[in-house]
Amino acid sequence: MNIKDKMRKRLKLSRPSLRARARPPKHRSVCGSQFSAANLPGVLQLQNCTDCGHVQYPPAELCGACLGGTLIYKETACTGTLLAQSQLHHSLWEYFKRRIKRAPWPIASVQLDVGPVAIVHLTELDLDTGDRVKVFSHSDASRSVVLIAVPAATDITTPELRQAVIVGMQLDKSAERLKGV
Ligand SMILES: [Zn+2]
């Protein structure tokens with residue numbers, strides 16, 4: 001793509017009508033795309049090494065513990081402990097810019113009970129370090145899976161209950177056109 005095409009594309013992106021249909025970042029590595037596909041049906045599916053049983057996140061081609069090459073996705077316990085949290089006050093992505101305008105966007109790192117640490121979107125601002133949480137996967141408006149953490153007492157056993165959390169966070173597809181922003 002030459003400079004002229006690039007500029008044209010940028011101008012297009014700045015059109016309000018297109019900004020209204022902004023999507024979250026969709027670019028993923030091959031492993032990231034496999035993670036998205038594996039997580040479509042369940043609550044949380046992570047890579048399990050068939051050689052040593054290591055549970056791995058983020059997804060990779062080889063096991064981080066034994067370098068084994070056979071990793072399969074399995075439904076994994078979704079409980080964990082909040083390690084740290086932060087709030088985004090700025091984003092370069094239109095999708096999040098519009099949400100951050102309304103309120104800072106909470107994100108956190110969670111130590112999953114099965115081993116790995118995950119970076120997640122957080123539903124609540126008033127959670128503290130050490131609080132127990134549950135983490136589930138959500139296929140976002142770009143059809144890529146992101147992880148969401150909710151307080152441990154939240155019932156997320158059915159897709160409907162998980163969808164209610166997503167709607168509350170305005171991450172569902174019907175909230176793509178945020179009003180008044
Ligand atoms: Zn292994």
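The structure reproduced in this document is the subject of the present report. (Residues numbered from 1 in each chain as written. Predicted model: local features only at pLDDT ≥ 70, side-chain atom pairs only at ≥ 80, totals over all residues. Heavy atoms only, no water.)

1. Notes on helix α5 (residues 159–168)
For step 1, the next point in the chain: Buried residues of α5: R162, V165 and I166, and no others. Mapping the buried residues of α5 onto a view down its axis gives an arc of 100°, with all of them on the same face. With respect to the buried face of α5, the exposed residues turned more than 90 degrees away are E160 and G168.
For step 2, the next point in the chain: Next to the buried residues of α5 lie β7 (132–139) and β8 (145–151).
For step 3, the next point in the chain: After α5 finishes, the residue Q170 shows a positive phi value of roughly 60°. (Buried < 20%, exposed > 50% of the residue type's maximum accessible area, 1.4 Å probe, protein only. Helix = DSSP H or I, 4+ residues; strand = E, 2+ residues; numbered from the N terminus. Arc of directions from axis to C-beta. Contact = heavy atoms within 4.5 Å.)

2. Description of the pairing of strand β5 (residues 105–112)
For step 1, the next point in the chain: Most of β5 sits out of view: six of its eight residues are buried.
For step 2, the next point in the chain: In this sheet, β5 lies alongside strand β4 (residues 79–88) in antiparallel orientation, the contact comprising eight bridges. In the strand pairing of β5, A84 is matched with S109.
For step 3, the next point in the chain: What sits between β5 and strand β6 (residues 117–122) in their antiparallel hairpin is a turn of four residues, with G115 showing a positive phi close to 135°. (Pairing = 2+ DSSP bridges.)

3. Here's the deal with the nonpolar core
For step 1, the next point in the chain: V110, V120, F136 and I148 are the most contacted members of the largest nonpolar core, which totals 33 residues.
For step 2, the next point in the chain: Of all the elements, β8 adds the most residues to this core, at six residues. (Core = buried A, V, L, I, M, F, W, Y, C linked by side-chain atoms within 4.5 Å.)

4. Here we look at unusual backbone geometry
For step 1, the next point in the chain: Note the cis peptide between Y57 and P58, where omega equals 0°.
For step 2, the next point in the chain: The residue P58 is located in the loop between β2 (55–56) and β3 (71–75) in this model.
For step 3, the next point in the chain: Even without being glycine, Q170 reaches a positive phi, approximately 60°.
For step 4, the next point in the chain: By the secondary structure assignment, Q170 is in the segment after α5.

5. What about the coordination of the zinc ion?
For step 1, the next point in the chain: Here the zinc ion is held by C49 (SG), C52 (SG), C63 (SG) and C66 (SG), and the distances to it run 2.3 Å.
For step 2, the next point in the chain: In this structure, the zinc ion is coordinated by four donor atoms arranged in tetrahedral fashion, with angles at the metal of 106 to 112°.
For step 3, the next point in the chain: Coordination of the zinc ion draws on donor residues from a single chain, spaced C-x2-C-x10-C-x2-C in sequence. (Donors = N, O, S within 2.8 Å, 3.2 Å for Na, K, Ca; no water. Tetrahedral: all angles 85-135°; square planar, octahedral: opposite > 155°, others 65-115°.)

6. Let's talk about the packing of aromatic side chains
Each pair of aromatic rings is reported with the distance of its centres and the angle of its planes.
For step 1, the next point in the chain: Taken as a whole and judged by the stated rule, the model has four aromatic pairs.
For step 2, the next point in the chain: Each ring, one from F35 and one from Y73, has its centre 6.3 Å from the other, and the planes form 50°; the classification is tilted. With F35 in helix α3 (residues 30–38) and Y73 in strand β3, this residue pair connects regions lying 38 residues apart in the sequence.
For step 3, the next point in the chain: By relative accessible area, Y73 is classed as partly exposed at 22%.
For step 4, the next point in the chain: Of the aromatic side chains, those joined through ring pairs into one cluster are F35, Y57 and Y73. (Phe/Tyr/Trp six-rings, centres within 6.5 Å; stacked < 30°, edge-to-face > 60°.)

7. Examining the environment of R132
For step 1, the next point in the chain: Tracing the backbone through its elements, the reader meets R132 in strand β7.
For step 2, the next point in the chain: For the pair R132 and V110, spaced 22 residues apart in the sequence, the C-alpha separation amounts to 9.2 Å.
For step 3, the next point in the chain: The contact partners of R132, leaving out residues within four places of it in the chain, are T79, G80, T81, D113, P151 and A152.
For step 4, the next point in the chain: Side-chain polar atoms of R132 contact the backbone oxygen of G80, separated by 3.2 Å. (Polar contact = N/O pair within 3.5 Å; in protein donor to acceptor, adjacent residues only side chain to side chain.)

Nothing here speaks to function; it is geometry throughout.
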